[in-house]
Amino acid sequence: MNLDIEIGRSKRARRTFSLDEIALVPSRRTRDPREVSTGWKIDAYGFDTPFIAAPMDSVTSPATAIAMGKLGVLGVLNLEGLWTRYQDPQPLLDEIAALSQEDLPAATRRMQEIYAEPIQPALITERLREIREAGVIVAGALTPQRTQEHYRTVLEAGVDLFVIRGTTVSAEHVSEAQEPLDLKKFIYDLDVPVIVGGAAGYTPALHLMRTGAAGVLVGLGGGAAMRTEQVLGIHAAGASAISDVAAARRDYMDESGGRYVQVIADGGLGTSGSIVKALAMGADAVMLGTALARAEEAPGQGFHWGAEAHHMELPRGARTHLGAVAPLEELLNGPSHRVDGTSNLVGSLRHAMATTGYTDLKSFQRSEVVVRG
C-alpha cells in the first residue's frame, strides 16, 4: 500500500494515522483478565501499571504524586509549577479554577501573571523531600530551557527518575543566543535514569536514544489542553508516531548491542481505549494528563492545563474544564460506573489484553490492529 500522497505538484506527504483511526482485533485465544500482568519497569524501578502522571499542575501535586505512587502509578512533579513558586499554592489553584470560561484572553493573562513568580530552589528541595519521605518513587520534570539552571538542585534534593519534557525536544538544539543543553553529556554525567521528549518520528527518537536516555516520550504532550496545531501548525498523529518510535527502539537495540529504551506515549490519551491502543502500537508506558486530571483529588479541581496555557510570549494551550469523574483509586482500579472509558483504566487495559489473548505488556505490542473505515 502506497501511503505517499501527492498534495500538489511540489509537495508529497506520508499518510499517518491517529489512535482514533485504528482499532484492535480479537485473536483466536482469550485469557482471564485476572491472569493478566500490567506491570512495567524502567531501569531498576518497577510499577504495577504502565501509567505515568504528567508533570502538569492540574494533575500532579506532591500529595497526588504520593497517592498515585501507592497505587502503582509514577507521579512526576512539575518543578516549574506552582509548588516550586509558592509556599502555599492552594489560593492560586482556587483562583485558576474560578477564572472566566468566556473571556479566554483575560484568563490567559491572569495565568501568565501567576506563573511569572520566580522558581524557588528551596521549594524544589522541599517538595521532592515530601514525596521521598512518603516512601514512593520520586520523579521530577524540567523543560530543556530550565534544566541547566535547576538540575543540580534537583539532584541534590534526590530524585529516582528525572524527566526532561518539552513540546519537541531534539538531541541537537542549535542556538546562538545561549549555550544549548548537551543532552548526551548531561545524561552521561547524571546518576539517575532520564526520560526525555517529546519526539514525533523515527529519526529524532533514534537520536534521543543515542544520548543515553532511559525512556523517550512520543508525541507533543498536552492532549486536550494543547492547541499547538492551531498556533504552530505542528501535529503528530499518535498511532503512526508510536509505531515509528517503536521501530527506532528496535533498530537502536541492534545498533547498541541490546540496550532497550522505553517508549512512552504522551498526549491525546484521555480515555482507556486510547491508552490501550497506544500500548498495542508499541508503547511500553503512557504519560497521562487528561485521564488523571479527572480524579476528584486532582489539584486542578476539574480543570486541566499545561505550561503552554501560560507561556509568556506564545500561549498555545487552554485551561479546559473536564469535571471530576471519580476518586483516584476508583478512576484507576474501579469499579466503574461510567461507560465512556474515563474510569477503571487498569481494568480496561486488563480486559483488552485478555480479549486479544496476551498476558503481559510486551507481548501485547504484537496485537493485530486495523484501520477503521
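Rules used in this analysis
Residues numbered from 1 in each chain as written. Predicted model: local features only at pLDDT ≥ 70, side-chain atom pairs only at ≥ 80, totals over all residues. Heavy atoms only, no water. Axes fitted to C-alpha atoms, helices over the stretch in contact; angles between N-to-C directions. Helix = DSSP H or I, 4+ residues; strand = E, 2+ residues; numbered from the N terminus. Parallel < 35°, antiparallel > 145°, perpendicular 65-115°, else oblique. Left-handed = near helix turned anticlockwise from the far one by under 90°. Contact = heavy atoms within 4.5 Å. Nonpolar A, V, L, I, M, F, W, Y, C, P; charged D, E, K, R; others polar. Pairing = 2+ DSSP bridges. pLDDT = per-residue confidence, 0-100. Buried < 20%, exposed > 50% of the residue type's maximum accessible area, 1.4 Å probe, protein only. Salt bridge = Lys/Arg side-chain N within 4 Å of Asp/Glu carboxyl O. Right-handed = clockwise from strand over helix to strand, strands pointing away.

**Some remarks on the packing of helix α1 (residues 62–70) against helix α4 (residues 121–133)**
Right, on to step 1. Direction vectors running N to C along α1 and α4 enclose 25°, while the axes themselves pass 9 Å from each other. One finds that α1 runs roughly parallel with respect to α4. α4 is crossed by α1, and the crossing has right-handed handedness. Each of P62, A65 and I66 in α1 lies in contact with α4, whose residues at this interface are R127, E130 and I131.
Right, on to step 2. Split by residue class, the contact of α1 with α4 holds 4 nonpolar, no polar and 2 charged.

**Thoughts on the sheet that holds strand β12 (residues 262–266)**
Right, on to step 1. Strand order in the closed barrel formed by 8 strands is β6-β7-β8-β9-β10-β11-β12-β13, with parallel pairing between adjacent strands. Each neighbouring strand pair of the sheet contributes to a mean axis angle of 25°, computed without reference to strand direction.
Right, on to step 2. Of the strands in this sheet, β11 (215–218) and β12 are in contact with helix α9 (residues 238–256), which crosses β12 at around 165°.

**Description of unusual backbone geometry**
Right, on to step 1. In this chain, G197 is followed by G198 through a cis amide linkage whose omega measures 15°.
Right, on to step 2. Topologically, G198 is positioned in strand β10 (residues 194–199).
Right, on to step 3. With an omega of 0°, the peptide bond between G334 and P335 qualifies as cis.
Right, on to step 4. Take P335: it is sitting in the loop between α12 (328–333) and α13 (345–355).

**So, the confidence of the model for the protein**
Low-pLDDT stretches of the model should not have their predicted coordinates read in fine detail.
Right, on to step 1. For the protein, the mean per-residue pLDDT works out to 90, and 93% of the residues sit at or above 70.
Right, on to step 2. Below pLDDT 50 for its whole length, residues 173–177 participates in 2 contacts with residues either more than four positions away or in separate chains.

**A word on the side chain of S61**
Right, on to step 1. Within the secondary structure, S61 sits in the loop between β6 (51–53) and α1.
Right, on to step 2. For S61, a relative accessible area of 6% corresponds to the buried category.
Right, on to step 3. What S61 contacts, discounting residues up to four positions off in sequence, is L77, W83 and P299.

**Some words on the pattern of salt bridges**
Right, on to step 1. Across all of its chains, the model carries 18 salt bridges by this definition.
Right, on to step 2. D189 is paired through a salt bridge with K185; the nearest N and O atoms lie 2.9 Å apart. Taken as a pair, D189 and K185 lie in helix α6 (residues 183–189) at a separation of 4 residues, close to a single helical turn.
Right, on to step 3. Residue R338 pairs with D340 through a salt bridge whose shortest N-O separation is 3.4 Å.

**Regarding the pairing of strand β9 (residues 161–165)**
Right, on to step 1. Taken across its 5 residues, β9 has 5 buried, putting it largely inside the fold.
Right, on to step 2. Here β9 shows two buried faces, one formed by L161, V163 and R165 and the other by F162 and I164.
Right, on to step 3. As paired strands, strand β8 (residues 139–142) and β9 are joined by 4 bridges and run parallel to one another. The residue bridging G140 from the neighbouring strand is F162, located in β9.
Right, on to step 4. With helix α5 (residues 144–157) bridging β8 and its parallel neighbour β9, the resulting β-α-β unit is right-handed.
Right, on to step 5. Examined bridge by bridge, β9 and β10 share 4 bridges and lie parallel to one another. Note that in β10 the partner of R165 across the bridge is G197.

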